[in-house]
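Descriptive analysis of the structure
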Amino acid sequence: MSVSFKERVGKFWDAFTEKESEVRKMLDDKVETDTLIKFVDDILSVAFHKAFFELGINDQGKYELILTPEGDRAKLFQLEYWLKQAPAVLSEKWNFYSSKPAKAKGDFSISMYDTTLSADSVSLYYEIDEKHQKVNLQVECLPLMKLEENKKYSLFFIYLDQLIGEAYTMEYIGTIDFRVSGKGLKKIAATDLRKLMDDTIEAKNWFRIENICERCAGYEMVPSKAKDWQLREDIYIAYSSCFPVLNAFYNKSTELFGNFYADGVVFGFLFYENINVPKDRIVPFRTEIEDQILKEAKAANVADSIGGATGFYFSYMDFIVYDIDAFLAIAKEVLVKYKFKDVGFSNFIFGDTPTFFRD
């Protein structure tokens with residue numbers, strides 16, 4: 001990895017600022033779609049090896065560049081970072097998004113697989129899952145029932161993204177069932193779903209979508225009893241805001257990480273031996289250390305926290321890192337002061353050789 005994502009994003013925004021007037025002219029002149037897409041894709045390639053995006057002009061006449069994580073929460077962290085670096089000077093003419101926003105009106109229709117979905121063709125039944133902060137749906141729609149399973153879900157998710165917004169679909173939609181029973185459920189018009197969700201979030205004080213990447217959930221594990229256990233196999237309690245990374249790690253899969261590393265993004269964790277830390281101080285002590293590291297990392301714009309964990313032998317602090325060299329320098333400076341016997345950093349790749357910090 002030669003160029004950090006932080007540097008790549010900076011270069012992208014410099015390039016886009018220089019060329020955005022050409023993009024606006026192409027949109028105004030309704031230039032051939034393939035030509036426009038290639039022009040913008042070339043600019044985006046400064047930051048991303050692969051990016052999915054949409055372009056357009058909204059009802060207020062502002063130009064829009066919309067990137068999409070395609071339902072991938074790990075990708076959303078990367079796109080949120082990209083979004084936060086957008087130069088203020090562009091905001092007069094442009095709106096930028098890290099996920100697809102809802103359509104301004106609910107009476108739109110979409111067509112795929114020779115099937116058209118509209119508000120008139122979709123009936124929804126719902127229940128509120130307060131424990132998981134989700135809205136579960138049952139869907140009644142004859143056009144969808146004619147499609148094979150994967151196409152049915154694909155089309156409905158695209159419809160949901162436009163109806164309520166991609167981030168809402170990712171965070172607040174729970175189960176989806178196309179076999180309507182109606183038992184214990186309430187019926188709602190498709191066009192009212194976004195309002196229902198906003199009202200529920202407000203009334204029940206659910207986690208706010210504006211801080212989507214800070215939403216965490218706890219988990220427990222059974223520590224390994226093997227003599228040759230690996231880092232993180234001693235964990236018994238933890239929390240995370242990015243479970244796709246954990247799933248890849250524990251499934252010993254590297255597929256998730258390829259495109260991120262190509263873009264200069266690293267998912268990894270800091271660890272230190274905690275056997276000499278009093279039991280009632282293990283979590284507060286980790287929090288104190290993490291706060292120090294995050295304060296400097298955020299000031300330098302090089303990393304965000306995605307979780308933490310407590311093990312029998314080690315404590316862990318999980319991060320998405322946008323400049324690995326700068327982050328490791330910050331982390332090492334903080335951690336070596338504590339004189340831990342074993343302390344360091346590892347990528348979220350099972351069995352990967354960790355980097356140990358020494359004075």
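The shown structure was predicted, so the numbers you read here are calculated from the model rather than taken from an experiment.

Attention now moves to the overall build of the protein. Of the regular secondary structure elements, the protein holds 11 helices and 16 strands. For 359 residues, the compact-globule estimate of 2.2 N^0.38 gives 21 Å, and the protein sits close to it at 23 Å. Summarising its shape, the C-alpha atoms of the protein cover approximately 65 × 55 × 35 Å along the three principal directions. Per-residue burial over the protein gives 47% buried out of 359 residues. Looking at the protein as shown, the accessible area adds up to about 18,500 Å², and 49% of this sits on carbon and sulfur atoms.

Before going further, it helps to examine the packing of aromatic side chains. Counted by the stated rule, this structure contains 44 aromatic pairs. A ring pair is formed by Y272 and F340, whose centres lie 4.5 Å apart and whose planes are at 20°; its orientation type is stacked. In this pair, Y272 is assigned in strand 12 (residues 266-273) and F340 in the loop between helix 11 (324-335) and strand 15 (343-347), connecting sequence segments 68 residues apart. The burial state of Y272 is the same as that of F340; both residues are buried. Residues Y338 and F340 carry aromatic rings whose centres are separated by 5.7 Å and whose planes lie at 20° to one another, so their mutual orientation is stacked. Assessed through its relative accessible area of 28%, Y338 is described here as partly exposed. Members of the aromatic cluster, joined through ring pairs, are W229, F249, Y250, F269, F271, Y313, F314, Y316, F348, F350 and F356. One Lys or Arg, R194, reaches over the ring of Y168 and ends 3.8 Å from the middle of that ring. The ring of F269 has R232 sitting right over it, with the charged end atom 4.8 Å from the ring centre.

Strand order in the open sheet formed by 3 strands is 1-2-3, and the pairing between neighbours is mixed. Strands with a single pairing partner mark the edges of an open sheet, and in this sheet they are strand 1 (53-57) and strand 3 (94-97). Neighbour-to-neighbour, the strand axes of the sheet open up by a mean angle of 15°, direction not taken into account. When strand 2 (residues 63-67) meets strand 3, the two strands line up parallel, connected through 4 bridges. Residue Y63 lies in a different strand from strand 3, and its bridge partner there is W94. The sheet strands contacting helix 2 (residues 33-44) are strand 1 and strand 2, and the helix crosses strand 1 at an angle near 120°.

On the surface, I275, F312 and Y313 cluster together to form a nonpolar patch covering roughly 330 Å² of accessible area. By the secondary structure assignment, I275 is in the loop between strand 12 and helix 10 (282-299).

Once that is clear, we can look at the side chain of E166. With respect to the element layout, E166 can be found in helix 6 (residues 166-172). As a buried residue without a salt bridge, E166 has its nearest oppositely charged side chain in K100, at a separation of 5.0 Å. Polar contacts involving the side chain of E166 include one to the main-chain amide nitrogen of G71, which spans 3.3 Å.

Rules behind the numbers
- Residues numbered from 1 in each chain as written.
- Predicted model: local features only at pLDDT ≥ 70, side-chain atom pairs only at ≥ 80, totals over all residues.
- Heavy atoms only, no water.
- Helix = DSSP H or I, 4+ residues; strand = E, 2+ residues; numbered from the N terminus.
- Rg over C-alpha atoms; globule rule 2.2 N^0.38 Å.
- Buried < 20%, exposed > 50% of the residue type's maximum accessible area, 1.4 Å probe, protein only.
- Areas by Shrake-Rupley, 256 points an atom, 1.4 Å probe, with all protein chains shown as cover.
- Phe/Tyr/Trp six-rings, centres within 6.5 Å; stacked < 30°, edge-to-face > 60°.
- Lys NZ or Arg CZ within 6 Å of the ring centre and 35° of its normal.
- Pairing = 2+ DSSP bridges.
- Axes fitted to C-alpha atoms, helices over the stretch in contact; angles between N-to-C directions.
- Contact = heavy atoms within 4.5 Å.
- Patch = residues over 30% accessible without salt bridge, like charges linked within 9 Å, V, L, I, M, F, W, Y side chains within 5 Å.
- Salt bridge = Lys/Arg side-chain N within 4 Å of Asp/Glu carboxyl O.
- Lys, Arg positive; Asp, Glu negative; His and termini not counted.
- Polar contact = N/O pair within 3.5 Å; in protein donor to acceptor, adjacent residues only side chain to side chain.

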